[in-house]
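What follows is the residue order along each chain.
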Amino acid sequence: GAVVSQHPSRVICKSGTSVKIECRSLDFQATTMFWYRQFPKQSLMLMATSNEGSKATYEQGVEKDKFLINHASLTLSTLTVTSAHPEDSSFYICSATPRAEYEQYFGPGTRLTVT
Amino acid sequence: SQQGEEDPQALSIQEGENATMNCSYKTSINNLQWYRQNSGRGLVHLILIRSNEREKHSGRLRVTLDTSKKSSSLLITASRAADTASYFCATDAPEYGNKLVFGAGTILRVKS
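The following paragraphs examine the structure supplied in this document. Please read these numbers as outputs of a predicted model, since none were measured by experiment. (Residues numbered from 1 in each chain as written. Chains lettered and ligands numbered in written order. Predicted model: local features only at pLDDT ≥ 70, side-chain atom pairs only at ≥ 80, totals over all residues. Heavy atoms only, no water.)

1. Description of the interface of chain B and chain A
Counting from both sides, the interface comprises 17 residues of chain B and, opposite them, 19 residues of chain A. Across the interface of chain B and chain A, roughly 1400 Å² is buried in total on both sides, 56% from carbon and sulfur atoms. Looking only at chain B, the three residues that lose the most surface to chain A are B:L43, B:K99 and B:F102, adding up to 31% of its buried area. Run the count over chain B and chain A and you get one salt bridge. Note that B:K99 and A:E59 form a salt bridge whose closest N and O atoms lie 2.6 Å from each other. (Contact = heavy atoms within 4.5 Å. Buried area = accessible area lost by both parts, 1.4 Å probe. Salt bridge = Lys/Arg side-chain N within 4 Å of Asp/Glu carboxyl O.)

2. Some words on the sheet that holds strand β3 (residues 19-24) of chain B
Residues and elements named next belong to chain B. The sheet built from five strands is open, its strands ordered β1-β3-β8-β7-β6 with antiparallel pairing. Looking along the sheet, the strands with just one partner apiece sit at the ends: β1 (5-7) and β6 (55-58). The average undirected angle you get between the axes of adjacent strands in this sheet is 15°. One ladder, built from four bridges, connects β6 with strand β7 (residues 61-66); its direction is antiparallel. Directly across from S58, in β7, lies its bridge partner L61. (Pairing = 2+ DSSP bridges. Helix = DSSP H or I, 4+ residues; strand = E, 2+ residues; numbered from the N terminus. Axes fitted to C-alpha atoms, helices over the stretch in contact; angles between N-to-C directions.)

3. Structural notes on the state of the cysteines
Taken as a whole and assessed by the stated rule, the structure comprises two disulfides over all chains. One disulfide bridge connects B:C23 with B:C89, the sulfur atoms lying 2.0 Å from each other. Here B:C23 and B:C89 share a disulfide; its torsion about the S-S bond, 70°, makes the bridge right-handed. With a gap of 66 residues between them, B:C23 in strand β3 and B:C89 in strand β9 (residues 85-92) connect regions that are remote in the sequence. Note on B:C23: relative accessible area 2%, which makes it buried. Residue classification places B:C89 among the buried residues on the basis of a relative accessible area of 1%. Here A:C13 is not disulfide-linked; the sulfur of A:C94 is the nearest cysteine sulfur, at 18 Å. A:C13 sits in the buried class, given a relative accessible area of 9%. (Disulfide = S-S within 2.5 Å. Buried < 20%, exposed > 50% of the residue type's maximum accessible area, 1.4 Å probe, protein only.)

4. Looking at the side chain of A:T78
Tracing the backbone shows A:T78 in strand β8 (residues 76-81). Non-local contacts of A:T78, meaning those with residues more than four positions away in its chain, are made with A:K20, A:I21, A:E22, A:W35, A:L68, A:I69 and A:N70.

Put into C-alpha coordinates, the structure is as follows:
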(Lines give C-alpha, C1' and ligand atoms only; values in the text may rest on other atoms or scores of the structure.)
Protein backbone atom coordinates (compact mmCIF):
# COMPACT_ATOMS: atom_id res chain seq x y z
CA GLY A 1 0.00 0.00 0.00
CA ALA A 2 0.83 3.73 0.08
CA VAL A 3 2.00 4.07 -3.49
CA VAL A 4 2.55 7.42 -5.13
CA SER A 5 3.15 7.72 -8.85
CA GLN A 6 4.45 10.54 -10.99
CA HIS A 7 4.05 11.14 -14.67
CA PRO A 8 6.06 11.61 -16.74
CA SER A 9 9.24 10.12 -15.33
CA ARG A 10 11.35 12.12 -17.77
CA VAL A 11 10.54 15.10 -19.95
CA ILE A 12 12.58 17.25 -22.27
CA CYS A 13 11.11 20.52 -23.39
CA LYS A 14 12.21 23.64 -25.19
CA SER A 15 12.83 26.90 -23.43
CA GLY A 16 9.67 28.99 -23.17
CA THR A 17 7.23 26.09 -23.16
CA SER A 18 5.21 24.80 -20.21
CA VAL A 19 5.37 21.35 -18.71
CA LYS A 20 2.85 19.61 -16.47
CA ILE A 21 3.85 16.94 -13.98
CA GLU A 22 1.25 14.76 -12.31
CA CYS A 23 1.42 13.23 -8.86
CA ARG A 24 -1.10 10.57 -7.89
CA SER A 25 -1.73 8.65 -4.71
CA LEU A 26 -2.83 5.25 -5.94
CA ASP A 27 -4.25 3.55 -2.89
CA PHE A 28 -5.04 6.25 -0.38
CA GLN A 29 -6.57 9.68 -0.25
CA ALA A 30 -3.99 12.39 0.16
CA THR A 31 -5.20 15.42 2.04
CA THR A 32 -1.82 17.01 1.53
CA MET A 33 0.76 16.73 -1.20
CA PHE A 34 4.20 18.26 -1.28
CA TRP A 35 6.41 19.25 -4.20
CA TYR A 36 10.19 19.19 -3.93
CA ARG A 37 13.01 19.90 -6.33
CA GLN A 38 16.43 18.38 -6.20
CA PHE A 39 19.50 19.57 -8.06
CA PRO A 40 22.27 17.08 -8.87
CA LYS A 41 24.11 15.83 -5.82
CA GLN A 42 22.02 18.02 -3.55
CA SER A 43 19.25 17.46 -1.07
CA LEU A 44 15.51 17.92 -1.56
CA MET A 45 14.16 21.42 -1.18
CA LEU A 46 10.48 21.89 -0.48
CA MET A 47 8.79 24.08 -3.08
CA ALA A 48 5.19 24.08 -1.96
CA THR A 49 2.53 22.37 0.11
CA SER A 50 -0.73 21.53 -1.58
CA ASN A 51 -3.98 20.82 0.24
CA GLU A 52 -6.94 19.43 -1.63
CA GLY A 53 -9.38 22.11 -2.64
CA SER A 54 -7.31 25.06 -1.52
CA LYS A 55 -4.47 27.16 -2.82
CA ALA A 56 -0.96 25.86 -2.46
CA THR A 57 1.41 27.36 0.08
CA TYR A 58 4.74 28.22 -1.50
CA GLU A 59 8.09 28.32 0.23
CA GLN A 60 10.07 31.50 0.28
CA GLY A 61 11.78 32.17 -3.01
CA VAL A 62 9.50 29.93 -5.07
CA GLU A 63 7.54 31.84 -7.71
CA LYS A 64 3.91 30.81 -7.55
CA ASP A 65 3.18 32.16 -11.03
CA LYS A 66 5.97 30.08 -12.48
CA PHE A 67 5.23 26.86 -10.64
CA LEU A 68 1.48 26.41 -10.78
CA ILE A 69 0.10 23.79 -8.45
CA ASN A 70 -3.37 22.32 -8.62
CA HIS A 71 -4.70 19.81 -6.11
CA ALA A 72 -8.14 19.21 -7.54
CA SER A 73 -8.85 15.85 -5.95
CA LEU A 74 -7.73 13.74 -3.02
CA THR A 75 -5.58 11.60 -5.30
CA LEU A 76 -4.11 14.04 -7.80
CA SER A 77 -1.89 17.09 -7.69
CA THR A 78 -0.25 18.71 -10.68
CA LEU A 79 2.77 20.96 -10.97
CA THR A 80 3.03 23.07 -14.11
CA VAL A 81 6.34 24.71 -14.85
CA THR A 82 5.42 27.69 -17.00
CA SER A 83 7.74 29.32 -19.52
CA ALA A 84 10.46 26.90 -18.61
CA HIS A 85 14.10 27.93 -18.78
CA PRO A 86 17.25 25.81 -18.66
CA GLU A 87 17.75 26.73 -15.00
CA ASP A 88 14.46 24.99 -14.23
CA SER A 89 16.05 21.71 -15.24
CA SER A 90 15.93 19.58 -12.14
CA PHE A 91 14.50 16.48 -10.52
CA TYR A 92 11.00 17.16 -9.22
CA ILE A 93 9.62 14.86 -6.53
CA CYS A 94 6.19 14.84 -4.98
CA SER A 95 5.03 13.27 -1.77
CA ALA A 96 1.60 12.64 -0.33
CA THR A 97 0.21 12.05 3.11
CA PRO A 98 -3.24 10.93 4.24
CA ARG A 99 -3.27 13.28 7.19
CA ALA A 100 -1.22 15.86 8.99
CA GLU A 101 1.75 14.71 11.07
CA TYR A 102 1.74 11.38 9.29
CA GLU A 103 4.36 9.72 7.16
CA GLN A 104 4.89 11.15 3.69
CA TYR A 105 5.00 8.75 0.76
CA PHE A 106 7.23 9.80 -2.08
CA GLY A 107 6.79 9.48 -5.81
CA PRO A 108 9.60 8.23 -8.06
CA GLY A 109 10.41 11.71 -9.33
CA THR A 110 10.34 13.47 -12.70
CA ARG A 111 13.52 14.49 -14.47
CA LEU A 112 12.91 17.76 -16.32
CA THR A 113 15.43 18.95 -18.89
CA VAL A 114 14.87 22.30 -20.55
CA THR A 115 16.89 22.87 -23.70
CA SER B 1 17.30 27.15 8.87
CA GLN B 2 16.45 23.78 10.23
CA GLN B 3 18.19 21.98 7.45
CA GLY B 4 20.12 19.24 9.04
CA GLU B 5 23.72 18.55 8.50
CA GLU B 6 24.85 15.07 7.78
CA ASP B 7 28.23 13.56 8.09
CA PRO B 8 30.08 12.19 6.48
CA GLN B 9 29.17 13.69 3.12
CA ALA B 10 30.49 10.56 1.47
CA LEU B 11 31.40 7.15 2.81
CA SER B 12 33.07 4.27 1.02
CA ILE B 13 33.27 0.86 2.68
CA GLN B 14 33.76 -2.80 1.84
CA GLU B 15 30.86 -5.19 1.64
CA GLY B 16 30.23 -6.74 5.05
CA GLU B 17 31.38 -3.73 7.01
CA ASN B 18 29.06 -1.50 9.02
CA ALA B 19 28.19 2.01 7.87
CA THR B 20 27.32 4.80 10.25
CA MET B 21 25.83 8.10 9.16
CA ASN B 22 25.04 11.01 11.42
CA CYS B 23 22.50 13.80 11.24
CA SER B 24 22.20 16.96 13.31
CA TYR B 25 19.35 19.44 13.42
CA LYS B 26 18.56 22.72 15.12
CA THR B 27 15.09 22.85 16.65
CA SER B 28 12.83 20.57 18.63
CA ILE B 29 11.15 17.93 16.51
CA ASN B 30 8.12 15.66 16.40
CA ASN B 31 10.04 12.93 14.65
CA LEU B 32 13.06 12.23 12.50
CA GLN B 33 13.02 10.05 9.43
CA TRP B 34 15.67 8.39 7.32
CA TYR B 35 15.35 7.87 3.59
CA ARG B 36 17.38 6.17 0.91
CA GLN B 37 17.67 7.39 -2.65
CA ASN B 38 19.25 5.42 -5.42
CA SER B 39 20.81 7.53 -8.16
CA GLY B 40 18.15 9.33 -10.19
CA ARG B 41 15.29 7.68 -8.36
CA GLY B 42 12.69 8.59 -5.77
CA LEU B 43 13.01 8.27 -2.02
CA VAL B 44 12.47 5.10 -0.07
CA HIS B 45 11.34 5.53 3.52
CA LEU B 46 13.56 3.54 5.86
CA ILE B 47 12.59 4.33 9.40
CA LEU B 48 10.82 6.93 11.53
CA ILE B 49 11.82 7.63 15.10
CA ARG B 50 9.67 9.79 17.32
CA SER B 51 11.04 12.43 19.66
CA ASN B 52 10.28 10.30 22.71
CA GLU B 53 12.15 7.29 21.32
CA ARG B 54 15.86 6.74 21.66
CA GLU B 55 16.52 3.77 19.44
CA LYS B 56 14.76 1.85 16.74
CA HIS B 57 15.62 -1.21 14.70
CA SER B 58 14.47 -2.46 11.34
CA GLY B 59 16.30 -5.43 9.87
CA ARG B 60 19.93 -4.40 9.39
CA LEU B 61 19.14 -0.80 10.26
CA ARG B 62 19.55 0.77 13.65
CA VAL B 63 18.62 4.38 14.30
CA THR B 64 19.36 6.33 17.44
CA LEU B 65 18.05 9.71 18.46
CA ASP B 66 19.57 12.03 21.05
CA THR B 67 17.26 15.00 21.47
CA SER B 68 19.59 16.65 24.00
CA LYS B 69 22.28 16.80 21.32
CA LYS B 70 19.80 17.23 18.49
CA SER B 71 21.39 14.42 16.58
CA SER B 72 20.58 11.04 15.10
CA SER B 73 22.60 8.22 13.64
CA LEU B 74 21.80 5.53 11.12
CA LEU B 75 23.77 2.31 11.32
CA ILE B 76 23.63 -0.22 8.52
CA THR B 77 25.15 -3.51 9.59
CA ALA B 78 26.73 -6.10 7.32
CA SER B 79 26.50 -3.78 4.34
CA ARG B 80 25.84 -5.05 0.82
CA ALA B 81 26.65 -3.60 -2.58
CA ALA B 82 22.91 -2.97 -2.99
CA ASP B 83 23.05 -0.54 -0.05
CA THR B 84 24.98 1.86 -2.29
CA ALA B 85 22.81 4.99 -2.37
CA SER B 86 22.35 8.44 -0.86
CA TYR B 87 20.87 8.55 2.61
CA PHE B 88 18.96 11.53 3.93
CA CYS B 89 17.58 12.40 7.31
CA ALA B 90 14.48 14.56 7.48
CA THR B 91 12.96 16.27 10.47
CA ASP B 92 9.33 17.04 11.17
CA ALA B 93 9.30 20.03 13.49
CA PRO B 94 6.41 22.09 14.91
CA GLU B 95 8.36 25.28 14.23
CA TYR B 96 8.26 24.52 10.51
CA GLY B 97 4.60 23.63 10.32
CA ASN B 98 5.25 19.90 10.34
CA LYS B 99 6.88 20.05 6.94
CA LEU B 100 9.78 17.71 6.33
CA VAL B 101 13.17 19.40 6.20
CA PHE B 102 15.90 17.31 4.66
CA GLY B 103 19.54 17.11 5.56
CA ALA B 104 22.27 17.38 2.98
CA GLY B 105 22.65 13.63 2.70
CA THR B 106 25.41 11.07 2.83
CA ILE B 107 26.53 9.26 -0.30
CA LEU B 108 27.32 5.67 0.64
CA ARG B 109 29.31 3.41 -1.63
CA VAL B 110 29.65 -0.23 -0.72
CA LYS B 111 32.37 -2.00 -2.68
CA SER B 112 32.06 -5.69 -3.40
